[in-house]
Amino acid sequence: MSLNDLITPVGADELAKFTGKGGKAAGINYDVPLPGAYDWRRIVPLALPAAWFTDFARRSGTSLLQLGVVKGDEGRLTGVDRDKLMQLYRRTMPTTAKPSLRLVAEVGGDVNPLLTGLDNAGRAAEARQSVRDRLLERRQLNAEPEDVVVQRTRVDSYLEKLADREATVMVPANQATASITLPAAGLGDSVAPVAVDPVAAAQPRLALVETWELRSFLGDYGLGRTLQTFSLLPGERQTITVETWRTSAATREDSSSVFESSDSAAQTRFTSALVEESGAAFQDQGGWALSVSSSAKASVNFLGLVDLEARFDSAFAANHQEASQRWASSVSQTAQDHAAQVNNSRRQSAEHTDQVSTASGASSTVVREISNTNLRRVLNFVFRELNQTYETHIVLRDIKVAFFNGRLGSAEIVALPDLARLLERHVVEPQRAEVAARILSLCAERIDADGDIVTTLQVGRDPRGVRYDWEPARLDESGRVATENPDPFHGGARWRFRPVKTVAGEAQELNGVVMDRTDVVLRTDNLVVEALLGQADALDPYAAALQALDLTNRQSETAARDGATRRTTDALELVAAQKEDQRIDAYQKLFPDEPDIEVVPVAAVSHNGDAPHG
């Protein structure tokens, strides 16, 4: 292989082929979404008369009174069985769910099982303190992932303390009932405590279950606020320490975000903020959370934020579209508020010190020494934060329909193609067609982030084997789904959520309807340092003249060395120009050997023995 072939860059697609002839090699795509994409469910109960539901819908599920978890009558709570409540918690708690440290601390649970286990070992006080310091130092300086045993111990402690607290609920004499807390699944692997009325009567409900997703893409970097400036005089040295916000367990928990991590603390804070921002219907939240718990059909890990009830008055479809837009705006505002709270916890500092120190168990620092090698001008160092932009998209990914009545395990969630079977079980026959038409009308259209109306419902007719001819659904002038027959399922018709693939930007593909977009800026744990040379001269005219003379002298020495080099080069060229048999003589003439002469000083002595002269 020639030198030119070695130094010429070759494209990756010419070096690696992963899919055979003509395949595309792996490359770097800057529009790949971050792994931290989160989805949740927006539950929209439908305002339907109670007489429209079947007896099976009222009897579905099991109440906490029937399980013996609580004592009393329907509508009246007199006591809580702590052991059975603990069993309920273990059944309803998802296996992968992890309560945040603040939730554990709120109920008095074991926040740090490692240190608690150490105290219970019965070792000497000195040994415990020594090991405690080492554990704290390691945990605070390094965000180590905890093993399964530590997580399980913390979860068990949280459930036990929560059951102890809820079992002591005392109902005042003038109050009919009281609520208990159910640890439901939150965003990601987090836990969201939900207030549940344990003795409420069964209330059959149908609801839309909209699956929403928060997906983030990396944006541009930018310089943030100035943290510190240092001015070094000519020749001065200084030692500095840079301290980041990843300093302790509490700070790391507050400074984590859902945009760049899967930390359960960040997921818990985002869930709580979304509930507050959207104004979720708290009176229905407990009934929904209890209904989906331990339900195989509903999936145990199923976060649902219950929104306000959808009423079927005039222009109900348009009103629901507007409500969906408000929900998307609430999620977008929650993302911005979440980023602001995270940035408030990310604090960095750069300070000068007189002594080089090492990292301790309470902070994580980097020690550096900087110097100003300039001889006559001041050098200024400016430390600024490095910020990262995240492009977030709020996407409506799917719509399903659910039934629940507030009893344990009563929830049943189906996709739109199975709507007919859901209504057969829970709605009386004369009202099924009307209920189906209202539900489908709410699912037909949405207004996306660009203000365009997007059809999100399709109807399939004339099945050919296992395939249907799918067509976009239409709404009539009254806002109801347009069908040829009052029964939307007449002739074997099926309905489904339209599989929408949206392109955001140039190459970002998202499954679903993009309902809102927003950009958030987060502080990173990195700094950018700029060195600015001062404009003023720090020398007087005499010192400046001395520096100029020194520079002139150095320039003269450089010129002399350049001249000597040129003479040598010219002489070698003359030697090369001679005939081959004359080159040695020419070289010896141009570069003769200089004899080594050693001068030995000798004292002058007179012949008559007088003292030496000179």
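Note that this is a predicted model, so its numbers are computed, not measured.

Novice: Looking at this structure, I do not really get the overall build of the protein. What am I missing?
Specialist: When helices and strands are counted, the protein shows 17 helices and 20 strands. Put simply, the protein has 614 residues, and 41% of those count as buried. Partitioning the contacts of the protein with sequence separation of at least 6, the portion at a separation of at least 24 is 78%. With the model as given, the accessible surface of the protein reaches about 34,100 Å², and the carbon-plus-sulfur share is 50%.

Novice: What should I look at first to understand the packing of helix H11 (residues 264-278) against helix H13 (residues 316-345) in this one?
Specialist: Between H11 and H13, whose axes approach to 9 Å, the crossing angle comes to 135°. Overall, the two elements H11 and H13 adopt an arrangement that is oblique. With respect to the hand of their crossing, H11 and H13 are arranged in right-handed fashion. On H13, the residues touching Ala266, Arg269, Phe270, Ala273, Leu274, Glu277 and Ser278 of H11 are Trp327, Ser330, Val331, Gln333, Thr334, Ala335, Asp337, His338, Gln341 and Val342. Here the residues of the contact of H11 with H13 are counted per class, giving 8 nonpolar, 6 polar and 3 charged.

Novice: Would you mind going over H11 with me for this structure?
Specialist: In an α-helix, one full turn covers 3.6 residues, which means residues spaced three or four apart are oriented alike. For H11, built from 15 residues, the straight-helix expectation of 21 Å at 1.5 Å per residue is met to within 8% by its first-to-last C-alpha distance of 21 Å. In terms of burial, H11 is largely enclosed, as 11 of its 15 residues are buried. For H11, every residue scored as buried is listed here: Ser264, Ala265, Ala266, Gln267, Thr268, Arg269, Phe270, Thr271, Leu274, Val275 and Ser278.

Novice: Hey, could you run me through the pattern of salt bridges in this one?
Specialist: Two side chains with opposite charge may pair up if their charged atoms get near one another. Within the structure shown, the criterion is met by 24 salt bridges. Among the salt bridges present, the one from Arg82 reaches Asp164, with a minimum N-O distance of 2.7 Å. Residue Arg82 is located in helix H5 (residues 82-92), and its partner Asp164 is located in helix H9 (residues 148-167); the two are separated by 82 residues in the primary sequence. The partly exposed category is assigned to Arg82, whose relative accessible area is 27%. Between Arg397 and Glu213 there is a salt bridge, with its nearest N and O atoms 2.8 Å apart. Residue Arg397 is located in strand E11 (residues 379-404), and its partner Glu213 is located in strand E6 (residues 205-232); the two are separated by 184 residues in the primary sequence. Because the salt bridges share partners, they merge into one network encompassing Asp39, Arg41, Glu213, Arg215 and Arg397.

Novice: Quick question: what am I supposed to make of a nonpolar patch on the surface here?
Specialist: Together, Tyr542, Leu546 and Leu549 make up a nonpolar patch on the protein surface, roughly 360 Å² of accessible area in all. Of note, Leu549 is situated in helix H16 (residues 541-577). We classify Leu549 as exposed; its relative accessible area is 57%.

Novice: How should the nonpolar core be read in this particular structure?
Specialist: General note: in soluble globular proteins, nonpolar side chains tend to be found buried as a group. Core analysis: the biggest nonpolar cluster contains 64 residues, and Trp40, Leu46, Leu206, Leu208, Phe259 and Ile439 have the highest contact counts within it. Here this core takes 8 residues from H13, the largest share from any one element. Ignoring any residue separated from it by four or fewer positions in sequence, one finds Phe259 in contact with Leu34, Leu214, Ser216, Ala335, His338, Ala339, Tyr390, Thr392, Val520 and Leu522. The next biggest cluster of nonpolar side chains, apart from the first, holds 30 residues, and it includes Met93, Ala97, Leu162 and Leu408.

Novice: So what exactly am I meant to see when it comes to the packing of aromatic side chains here?
Specialist: The geometry of an aromatic ring pair comes down to the distance between the two centres and the angle between the two planes. Tallied over the full model, the rule gives 5 aromatic pairs. Each ring, one from Phe230 and one from Phe383, has its centre 5.5 Å from the other, and the planes form 85°; the classification is edge-to-face. You can see Phe230 sitting in strand E6 and its partner Phe383 sitting in strand E11, a full 153 residues away along the chain. Owing to a relative accessible area of 7%, Phe230 belongs among the buried residues under this scheme. The exposure class assigned to Phe383 is buried, which follows from its relative accessible area of 4%. Here Tyr587 and Phe591 contribute two aromatic rings whose centre-to-centre distance is 4.8 Å and whose plane-to-plane angle is 40°, an arrangement assigned as tilted. On the basis of relative accessibility, which here comes to 41%, the residue Tyr587 falls in the partly exposed class.

Novice: When you look at the environment of Leu422 in this model, what are you seeing that I'm missing?
Specialist: Take Leu422: it is sitting in helix H14 (residues 419-426). For the pair Leu422 and Ala402, spaced 20 residues apart in sequence, the C-alpha to C-alpha distance is 8.3 Å. With sequence-adjacent residues up to four places away left out, Leu422 is seen in contact with Leu206, Val401, Ala402, Phe403, Glu412 and Val414.

Novice: Help me understand the environment of Pro486, please; the structure alone is not making it clear to me.
Specialist: By the element assignment, Pro486 lies in the loop between strand E16 (467-472) and strand E17 (494-497). For Pro486, a relative accessible area of 67% gives the class exposed. Considered as a pair, Pro486 and Ala436 are 50 residues apart in the sequence and their alpha carbons are 9.9 Å apart.

Novice: Looking at this structure, I do not really get the environment of Val169. What am I missing?
Specialist: Here Val169 is to be found in the loop between H9 and strand E4 (180-185). The partly exposed category is assigned to Val169, whose relative accessible area is 22%. Put simply, Val169 and Ser179 are 10 residues apart on the chain and 8.5 Å apart in space, counted from C-alpha to C-alpha.

Novice: Which parts of the structure should I look at to understand the side chain of Arg42?
Specialist: Its place among the elements puts Arg42 in strand E1 (residues 38-45). A relative accessible area of 1% places Arg42 in the buried class. Reaching out from Arg42, the side chain makes a polar contact with the side chain of Ser324 at a distance of 3.3 Å.

Novice: Just checking my understanding: could you explain the side chain of Thr54 for this structure?
Specialist: You can see Thr54 is positioned in the loop between E1 and helix H3 (55-59). Excluding its chain neighbours within four sequence positions, the residues that come into contact with Thr54 are Arg425, His426, Val427 and Val428.

Novice: Would you mind going over the confidence of the model for the protein with me for this structure?
Specialist: Interpretation of this model should avoid reading the predicted coordinates in detail wherever pLDDT is low. Of the residues in the protein, 76% have a pLDDT of 70 or more, and the chain-wide mean is 78. Between the elements of the protein, mean pLDDT differs from a low of 51, seen in helix H8 (residues 125-141), to a high of 93, seen in H14. Low confidence marks residues 138-144, where pLDDT is under 50. Its contacts with residues over four positions away, or in another chain, come to 19 contacts. Note on residues 353-363: pLDDT under 50 across the span, and 20 contacts to partners over four residues away in sequence or across chains.

Novice: I'm lost on the packing of H5 against H9 in this one. Help?
Specialist: Helix-helix packing is characterised by the crossing angle of the two axes and by the distance between the axes. Running from N to C, H5 and H9 point in directions that differ by 140°, and their axes come no closer than 9 Å. On the basis of the axis angle, H5 is oblique to H9. Of the two possible hands of crossing, H5 and H9 adopt the one that is right-handed. In this structure, H5 uses Arg82, Leu85, Met86, Tyr89 and Arg90 to contact H9, whose residues at the interface are Asp156, Leu159, Glu160, Leu162, Ala163, Asp164, Glu166 and Ala167. Class assignment of the residues belonging to the contact of H5 with H9 gives a composition of 7 nonpolar, no polar and 6 charged.

About the cut-offs
- Residues numbered from 1 in each chain as written.
- Predicted model: local features only at pLDDT ≥ 70, side-chain atom pairs only at ≥ 80, totals over all residues.
- Heavy atoms only, no water.
- Helix = DSSP H or I, 4+ residues; strand = E, 2+ residues; numbered from the N terminus.
- Buried < 20%, exposed > 50% of the residue type's maximum accessible area, 1.4 Å probe, protein only.
- Contact = heavy atoms within 4.5 Å.
- Areas by Shrake-Rupley, 256 points an atom, 1.4 Å probe, with all protein chains shown as cover.
- Axes fitted to C-alpha atoms, helices over the stretch in contact; angles between N-to-C directions.
- Parallel < 35°, antiparallel > 145°, perpendicular 65-115°, else oblique.
- Left-handed = near helix turned anticlockwise from the far one by under 90°.
- Nonpolar A, V, L, I, M, F, W, Y, C, P; charged D, E, K, R; others polar.
- Expected span 1.5 Å × (residues − 1).
- Salt bridge = Lys/Arg side-chain N within 4 Å of Asp/Glu carboxyl O.
- Patch = residues over 30% accessible without salt bridge, like charges linked within 9 Å, V, L, I, M, F, W, Y side chains within 5 Å.
- Core = buried A, V, L, I, M, F, W, Y, C linked by side-chain atoms within 4.5 Å.
- Phe/Tyr/Trp six-rings, centres within 6.5 Å; stacked < 30°, edge-to-face > 60°.
- Polar contact = N/O pair within 3.5 Å; in protein donor to acceptor, adjacent residues only side chain to side chain.
- pLDDT = per-residue confidence, 0-100.

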